[in-house]
Amino acid sequence: MLGRRRHPDCQTAATEVFHITKQADGTFWVTGTAEGTATFTPTDPSGASASGHFQNWFGESLNDQNNVKHSTGNFNLWGSDGSHIVVHTASHLSTNASGDVTVKFNNFTAHCG
């Protein structure tokens, strides 16, 4: 029998804003933002928990020439053991009218101290 893997529990409490604009020609923009508190609880009770502030944003725009999708995220957390954890994410995807990818990246950085 295979063992079951347990993952840390992550809880968030957020304020969110979502906005959509669509024009008659089909052009549209959509954005969303969430920010609030985050808490991570380890599966091992002897491990450190962490809590603090987070922010996430995404956006997409589309017209007959291109499509662009992007997002960012930030976590600034303090551990119960006194550690400080900072995580930043950024992603971007652009396609042209033919659907060819012209730009694509996903960045992730984490600093602990």
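A few points on the structure. On a predicted model such as this, the values are computed, not experimentally measured, just so you know. (Residues numbered from 1 in each chain as written. Predicted model: local features only at pLDDT ≥ 70, side-chain atom pairs only at ≥ 80, totals over all residues. Heavy atoms only, no water.)

Notes on a nonpolar patch on the surface
In step 1: On the surface, Phe-18, Ile-20 and Phe-58 cluster together into a nonpolar patch covering about 310 Å² of accessible area.
In step 2: Using a relative accessible area of 52% as the deciding quantity, one classes Ile-20 as exposed. (Patch = residues over 30% accessible without salt bridge, like charges linked within 9 Å, V, L, I, M, F, W, Y side chains within 5 Å. Areas by Shrake-Rupley, 256 points an atom, 1.4 Å probe, with all protein chains shown as cover. Salt bridge = Lys/Arg side-chain N within 4 Å of Asp/Glu carboxyl O. Buried < 20%, exposed > 50% of the residue type's maximum accessible area, 1.4 Å probe, protein only.)

Observations regarding the side chain of Thr-27
In step 1: Relative to the elements of secondary structure, Thr-27 occurs in the loop between β1 (9–22) and β2 (28–41).
In step 2: Here Asp-25 takes part through its side chain, which lies 2.9 Å from a polar atom of the side chain of Thr-27. (Helix = DSSP H or I, 4+ residues; strand = E, 2+ residues; numbered from the N terminus. Polar contact = N/O pair within 3.5 Å; in protein donor to acceptor, adjacent residues only side chain to side chain.)

A closer look at the nonpolar core
In step 1: Grouped together as the largest cluster of nonpolar side chains are seven residues: Ala-34, Ala-38, Ala-50, Phe-54, Leu-77, Ile-85 and Val-87.
In step 2: Beyond its immediate stretch of four places on either side in the chain, Ala-34 contacts Ala-14, Thr-15, Glu-16, Phe-54, Gln-55 and Asn-56. (Core = buried A, V, L, I, M, F, W, Y, C linked by side-chain atoms within 4.5 Å. Contact = heavy atoms within 4.5 Å.)

Considering the packing of aromatic side chains
In step 1: For the coordinates displayed, the defined rule picks out three aromatic pairs.
In step 2: Geometrically, the ring pair formed by Phe-18 and Phe-58 is tilted, given 5.9 Å between the ring centres and 40 degrees between the ring planes. Within this pair, whereas Phe-18 is found in strand β1, its partner Phe-58 is found in strand β3 (residues 50–62), the two being separated by 40 residues in sequence.
In step 3: Three or more aromatic residues joined by ring pairs form one cluster here, namely Phe-40, Phe-54 and Phe-75. (Phe/Tyr/Trp six-rings, centres within 6.5 Å; stacked < 30°, edge-to-face > 60°.)

Remarks on the side chain of Asn-67
In step 1: Position of Asn-67 among the secondary structure elements: in strand β4 (residues 66–79).
In step 2: Apart from the residues within four sequence positions on either side, Asn-67 is in contact with Glu-60, Ser-61, Leu-62, Leu-93, Ser-94 and Thr-95.

As for the sheet that holds β1
In step 1: If you trace the six strands from one edge of the open sheet to the other, you get β1-β2-β3-β4-β5-β6, paired in antiparallel fashion. With one partner strand each, in any of the chains shown, β1 and β6 (101–112) form the two edges of the open sheet. Within the sheet, the average angular offset between the axes of one strand and its neighbour, ignoring direction, is 5 degrees.
In step 2: Looking at chain direction, strand β5 (residues 84–96) and β6 are connected through eleven bridges and run antiparallel. Of the residues in β6, the one forming a bridge with Val-86 is His-111. (Pairing = 2+ DSSP bridges. Axes fitted to C-alpha atoms, helices over the stretch in contact; angles between N-to-C directions.)

No statement about biological role is implied by the geometric values presented.
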